[in-house]
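# Remarks on the overall topology
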Amino acid sequence: MPCSIAPGKVILFGEHFVVEGYPAIGLAVGLYASTCVEKGEFKIYSRQLGPIDPSSPLAKPFLRVLEEAAREFNCGRDYTIYIDSGIPVGAGMGSSAAVNVSLTHSLLHACGAGFTREDVSRIAYMGEVEVHGKPSGIDNTLATYGGLVYYKRGSFKRLDTLLPEGVELVVADTGVKRDTGVVVRDVLEKRRRLGRLGGILYEAAGELVEEALAALRERDVVRLGELMTVNHGLLFSMGASAWVNDYLVHRMLGLGAYGAKLSGAGRGGIVIGLAEPARAQAIVEELEREGVKAYRVKPDYEGVRLT
Ligand code: MEV
């Protein structure tokens, strides 16, 4: 029975703004969702959640992926799905995209389809639509291709060679889970309420991503960190933060990170910080001492693959 794994992700710059067509930069990281698929009765088992009722809302994205694969590749709909994810759920690390991508990949293998990564990403995206309404597509792109990615709705560029050496990313988990779809809708609503000012903040976010790209090219990690913190400020302005995110941003900066920001949808979920390796380790140890779940993450350059 084919089994595929797909990586989770962090977003370095541009989440939320990316939903409205502005650019973003994300990195696939070495935490994985694994999905195995075999021909048989339509059933879903999750190692973390147990059996999932096929008529429950949780099953909707999987059904959508099966439907799309049936329509495009004649795969049929009768498959048993086994999911095992090591990516925290509802934390902004792309767990749903990694599941949808690994499911699509193993399903297309199980049905013997001739397919490309582009097919996997497109079909998994339809699963993502069921999860949170208006996804930009960055999460399924990162889970499919891996690497450091500059993304603008519908197109992307790999930036792997620009990933700076001598710095690491620290993830701190607020432990607060939230619904991406709700935060995305609220942020879009706030943009409308703010009118012209909302437009200016979105333009600023777009400009910030271009400046981050320049900082990556110049290997200027101090500037990169500073831009991450500015990005957090913009996300705060748009209502995507919560006091736990702001607290952990302050904590990471206080402990010597070059920069820190919420990553993903926000209002809980994770905060990321950029720091030299020894400093990153010290930040992890101190946050853990304070009772915060924190760890360093490594890039994944491969994206989805069979195991
Ligand atoms: C979620 O990882 C990132 C958001 O920008 C939503 C999306 O891009 O689909 C908040």
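Since the model is a prediction, treat every value here as computed from it, not as a measurement.

## Here we look at the nonpolar core
Among the nonpolar cores identified, the biggest contains 92 residues, and Val-10 and Val-170 are the most heavily contacted of them. Among the elements that make up this core, the one with the highest residue count is strand E2 (residues 24–39) (nine residues). Counting contributing residues, this core receives three or more from each of domain 1 (3–160) and domain 2 (164–297).

## Thoughts on the confidence of the model for the chain
With 100% of its residues at a pLDDT of at least 70, the chain reaches an overall mean of 97. Confidence metrics for the complex model read pTM 0.97 and ipTM 0.99.

## Some words on the UniProt feature "active site" (unreviewed entry) in the chain
What UniProt calls "active site" (unreviewed entry) maps, in this numbering, to Asp-139. Each residue touching Asp-139, except ones within four places of it in the same chain, is listed here: Lys-9, Gly-94, Ala-97 and Glu-128.

## What to know about the site of the ligand
Taken together, 15 residues surround the ligand, and among them Glu-15, Pro-135, Ser-136, Gly-264 and Ala-265 come closest. Those elements giving two or more residues to the shell around the ligand turn out to be helix H4 (138–145) and helix H5 (180–194). Of the residues in the shell around the ligand, the class split is seven nonpolar, six polar and two charged. Counting only domains with at least three residues in the shell around the ligand, you end up with domain 1 (3–160) and domain 2 (164–297).

## Examining helix H9 (residues 277–289)
Relative to the 18 Å expected for 13 residues at 1.5 Å per residue, H9 spans 18 Å between its end C-alpha atoms, a close match to the ideal helical length. Every buried residue belonging to H9 is among Ala-280, Ile-283, Val-284 and Leu-287, and all of these are buried. What you see down the axis of H9 is that its buried residues fit within an arc of 100°, all on one side. In H9, those exposed residues whose orientation departs by more than 90 degrees from the buried face are Ala-278, Glu-285 and Arg-289. In this structure, the buried residues of H9 make contact with strand E8 (168–173), helix H8 (243–254), strand E10 (270–275) and strand E11 (293–297).

The rules behind the values
- Residues numbered from 1 in each chain as written.
- Predicted model: local features only at pLDDT ≥ 70, side-chain atom pairs only at ≥ 80, totals over all residues.
- Core = buried A, V, L, I, M, F, W, Y, C linked by C-beta atoms within 7 Å.
- Buried ≥ 20, exposed ≤ 12 C-beta atoms within 10 Å, placed from the backbone.
- Helix = DSSP H or I, 4+ residues; strand = E, 2+ residues; numbered from the N terminus.
- Domains from an automatic or database assignment.
- pLDDT = per-residue confidence, 0-100.
- UniProt positions renumbered as here; feature names shortened; annotations may be inferred.
- Contact = placed C-beta atoms within 7 Å.
- Near = placed C-beta within 6 Å.
- Nonpolar A, V, L, I, M, F, W, Y, C, P; charged D, E, K, R; others polar.
- Expected span 1.5 Å × (residues − 1).
- Arc of directions from axis to C-beta.

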